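Residue-level structure breakdown
The primary structure of each chain is shown beneath.
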Amino acid sequence: MRLRATRILCLSLIWLLAAVAGRAQESPPTEQQLKAAFLLNFAKFVEWPPAAFGEATSPIVLGILGENPFGDVLEQTIRGKTINNRPLVVKPFRSSAETTNCHILFISASEKPRLPEILAGLRGASVLTVAEMDRFTETGGMINFIRQGNKIRFQINEVAAKSAGLKISSKLLSLASR
């Protein structure tokens, strides 16, 4: 009996060491994986007005306008996840006219020349706008990814979010770069 317990303990330790060694060899997350995780967490810490959803179980739509820098990473990140009993879905948009049909809109850098037109078209809509562009929050965007050294951070334009009827959690605000 004692020999059997020792073998089980040894096998358990070998399994544990193999698991730890495997994790140590995993590569760090890619930039796209980090940004996808940020988008998921933005959805957790932003409150939309009830009118932004058709029904109590309507999904939270994460839209992408322009070239998709995420590939399938964003879909993999949100797959099977819910926030406040709402499933999450990713939806690509080709024109800015369609973008009022989402809750979070990532505006690709490919759309920078049309940014003033895009933001003007969203005025009054409860859409959280996110991008990675110089001066995005200064021109009316809500959340902008920035690089600080080798880290991805974000800036928040709370005034723009409030004017869209969105409430950003103080926890998220405290994590934003100034």
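Everything below is about the structure printed above this text.
All figures in this text were calculated on a predicted structure; none of them were measured in a lab.

1. Focus: the packing of aromatic side chains
Considering all chains together, one arrives at 8 aromatic pairs under this definition. Relative to Phe145, the ring of Phe38 has its centre 5.7 Å away and its plane inclined at 50°; by these criteria the two rings are tilted. Here Phe38 is found in helix 2 (residues 31-44), whereas its partner Phe145 is found in strand 7 (residues 143-148), with 107 residues between them in sequence. Through successive ring pairs, a cluster of aromatic residues spans Phe38, Phe42, Phe70, Phe106, Phe145 and Phe154. The aromatic ring of Phe53 is capped on one face by Arg86, whose charged end is 3.6 Å from the ring centroid.

2. Details of the pairing of strand 6 (residues 128-131)
Neither face of strand 6 is left uncovered, since the one carrying Leu128 and Val130 and the one carrying Thr129 and Ala131 both have all their residues buried. With helix 4 (residues 115-122) bridging strand 5 (residues 104-107) and the parallel strand 6, this β-α-β connection has right-handed handedness. Of the pairings in the sheet, the one linking strand 6 to strand 7 comprises 2 bridges and is parallel in character. Opposite Ala131, over in strand 7, you have Asn144 as the bridge partner.

3. Looking at the sheet that holds strand 3 (residues 82-83)
Taken in spatial order, the 7 strands of this open sheet run 3-4-2-5-6-7-8, and their pairing is mixed. The two strands at the open ends of the sheet, each matched to only one other strand, are strand 3 and strand 8 (151-156). Summarising the sheet, strand 2 (residues 60-65) and strand 4 (residues 86-93) pair through 6 bridges and their orientation is parallel. Bridge pairing links Ile60 to Leu88 in strand 4. The strands touched by helix 2 within the sheet are strand 2, strand 3, strand 4, strand 5, strand 6, strand 7 and strand 8, with strand 8 carrying the most contacts at an inclination of about 35°.

4. What to know about the environment of Leu173
Relative to the assigned elements, Leu173 resides in helix 6 (residues 170-175). Leu173 sits in the buried class, given a relative accessible area of 18%. Taking the C-alpha atoms as reference, Leu173 lies 9.5 Å from Asn157; in sequence the two are 16 residues apart. The residues touching Leu173, leaving out its near neighbours within four places in the chain, are Ile156, Glu158, Ile168 and Arg178.

5. Focus on the nonpolar core
Of all hydrophobic cores here, the largest spans 36 residues; its most connected members are Phe42, Leu74, Leu128 and Val130. Of the residues forming this core, the biggest block, 5 residues, is contributed by helix 2. Excluding residues that lie within four positions of it along the chain, Phe42 makes contacts with Leu128, Val130, Ile143, Phe145, Phe154 and Leu172. In this structure, Cys102, Leu119, Ala125 and Phe136 belong to the second largest nonpolar core, which totals 15 residues.

6. Some points on the pattern of salt bridges
In total, this model carries 6 salt bridges according to the counting rule given. One salt bridge in this structure joins Glu31 and Arg147, with 2.4 Å as the shortest N-O distance. Of this pair, Glu31 sits in helix 2 while Arg147 sits in strand 7, and the two are 116 residues apart along the sequence. According to the relative accessible area criterion, Glu31 is partly exposed, its value standing at 27%. Measuring nitrogen to oxygen at the nearest pair gives 3.7 Å for the salt bridge that ties Glu158 to Lys162. Here the residue Glu158 and the residue Lys162 both occupy positions in helix 5 (residues 158-163), the gap between them amounting to 4 residues, near one helical turn. Accessibility expressed as a relative area gives 31% for Glu158, which makes it partly exposed. If you follow the salt bridges from partner to partner, you end up with Glu31, Lys35, Glu132 and Arg147 in one network.

Conventions we followed
Residues numbered from 1 in each chain as written. Predicted model: local features only at pLDDT ≥ 70, side-chain atom pairs only at ≥ 80, totals over all residues. Heavy atoms only, no water. Phe/Tyr/Trp six-rings, centres within 6.5 Å; stacked < 30°, edge-to-face > 60°. Helix = DSSP H or I, 4+ residues; strand = E, 2+ residues; numbered from the N terminus. Lys NZ or Arg CZ within 6 Å of the ring centre and 35° of its normal. Buried < 20%, exposed > 50% of the residue type's maximum accessible area, 1.4 Å probe, protein only. Right-handed = clockwise from strand over helix to strand, strands pointing away. Pairing = 2+ DSSP bridges. Contact = heavy atoms within 4.5 Å. Axes fitted to C-alpha atoms, helices over the stretch in contact; angles between N-to-C directions. Core = buried A, V, L, I, M, F, W, Y, C linked by side-chain atoms within 4.5 Å. Salt bridge = Lys/Arg side-chain N within 4 Å of Asp/Glu carboxyl O.

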